[in-house]
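What the coordinates show
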Amino acid sequence: MLSRYRLWLVLLVLAALAYPPQWYPLPLRLQLSQWFGASAYRGLPAGLESVREQAEVFCPQQNAGWREGQQIEGVTVLPAETCVADNPYAVAAFVRGTNNVSHNTLMQSGLTADAVVKGRDLDGDGDPDEIHIRLEVAELNGSSAESKTPVTQYALAPGITPGLWVFAPKLAGMATENFGSNVARPGLRLPSPALRVEQGDRVTITLENTHYMPHTLHLHGADHGFTTATGQGNDGVPFTSEVPVLPGRARSYELSPRHVGTMFYHCHVQPHVHVMMGLQGLFIVEENRPDNWLQTMNLGAGQVRAPSVAVREQYHREYDLHYLDLDKELGERIQQYNDPRLITKSMHRDYDVTDSTVDYFTLNGRSFPYTFRESLLVVEEDERIKLRVLNGGAKGIALHTHGHKFIVTAQDGADLPAANRAPRDVLWLATSQRAELALHTNNDGLYAYGPGIWPFHDHQYKGITNDGIGPGGNISAIVYAQYLDEEGWPQTQGVSWQSYFTEAYYRKQVPIWESYAPGLFSDPGVDWWLLLRLVALALATGMFVGLVVTSSRR
């Protein structure tokens, strides 16, 4: 019996010696220091070597010729000063109509001959008034029976490829860049294209459902009849207007809008799923002006390279800004199965939007740092810039501009009275709201503070992250042209961007400040002395408990 008590005592002493001193209560540590003296200083464990990953090229130049201003089919296509630009041949085809351009331009545009058909000039003012737009439905980053990785890949940011659905123009040829690539071709992207028509035009939009689920088209805020002239449903809402367009079928929607403004179009089948997968876009009604050939589609990067007559009269440049947030869990569901029945069940019965969280935040279909490739607002001093803004996300956004104040000229497709047009640098937009903004770059200390690289972003802090890692999300910038290099990349004066262009950074594997404070902010290595004490403490405690249990049983 005496030997057992001695063993208990030995184990207690060992446990006390192994117990890390930094875990003792402060009064006890002070008392021990008085009795035995202060313990020797032990430095922190050495920092770990962080993940080293080759950064992507900041400013890819696969289609460098697309940035240049040029005349195509008599259309003046403005230069794009960002490093990635939309296809200028597609811009020209959208202006003239794919039925009115040469075979060479049509081939260079990548569109079909009936993608945007422009007909008669009904009011004799020199531009077409019969417009027929055809849209398809495409899946990005979906599953495949032949590949474990997503196919028709479209990245929001490095390594971020959630499942998406988009309305797309009718494209000729493959959905991918080439036979050896899984990457979506240019023009097949998020967001769905912005559509532009003229006040009073006779517009037909045909939805050709090339997807495996039913879909519709709802013209949110745009003046349209409840039914067409033939009595067919024209509002796109399945439980009040019409049966959805089934896979492989088509339906045409008709309108002749009487009021100008910035509107919205989206699918209205199970909208809590379909709209939030990306089936949404800007719908813009322009003022009726003579010889007003419109860029009927803007494919996503933001800049309108062939603005309307009314915009050119008042502004130097025009940009479309489409904000969208995405639930990672929702998008992943189309990547888990190859059977449309299982995907449909997963998305429409198993998915619960009331328990959803938002993980990705995009501007014109990209998240930071990719937003700096194509969604910058490039300006000069003393200019007036027109911005059309849509919040297509599930959450509101607090749009904030650095270095500038803007004026809200219209909201939800209606002009605001002059008395309501005060300068501001934060605008709240609820889900589905639109606004038209006038940005003045005259350096007066109120509307603008002078040339530079001035960020603009959602001032709700989730919106500037990629799945919780920042910087990310919908961050972009107002960049004065003198701050761009020859390739169209901003000449920033802050920290290195190398880590932002790696997948490891957004996989949460890279210490945030290590690039400019090496060692100080790296991940700590293992404290082997502390680990050894903890192992000894665990063994001594376990043996002591074992002795107590054994003794109590006896």
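Overview of unusual backbone geometry
With an omega dihedral of -5 degrees, the bond running from Leu-190 to Pro-191 counts as a cis peptide bond. Residue Pro-471 is bonded to the preceding Gly-470 through a cis peptide linkage, with omega at 0 degrees. With respect to the element layout, Pro-471 can be found in the loop between strand 25 (453-458) and strand 26 (476-480). Unusually for a residue other than glycine, Ser-432 sits at a positive phi of about 75 degrees. As for its placement among the helices and strands, Ser-432 is situated in the loop between strand 23 (426-429) and strand 24 (434-440). For Asp-467, which is not glycine, the phi torsion reads 55 degrees and is therefore positive. Residue placement: Asp-467 occurs in the loop between strand 25 and strand 26.

Some remarks on the sheet that holds strand 19 (residues 397-401)
Ordered in space as 17-26-25-19-23, the five strands form an open sheet in which the pairing is mixed. This sheet does not close on itself; its edge strands, each paired only once, are strand 17 (377-379) and strand 23. Each adjacent strand pair in this sheet contributes to an overall mean axis angle of 15 degrees, direction not counted. Inspection of the sheet shows strand 19 paired to strand 23 by four bridges, in the antiparallel sense. When the sheet's bridge partners are listed, Ile-397 is paired in strand 23 with Leu-429.

Rules and cut-offs
- Residues numbered from 1 in each chain as written.
- Predicted model: local features only at pLDDT ≥ 70, side-chain atom pairs only at ≥ 80, totals over all residues.
- Heavy atoms only, no water.
- Helix = DSSP H or I, 4+ residues; strand = E, 2+ residues; numbered from the N terminus.
- Pairing = 2+ DSSP bridges.
- Axes fitted to C-alpha atoms, helices over the stretch in contact; angles between N-to-C directions.

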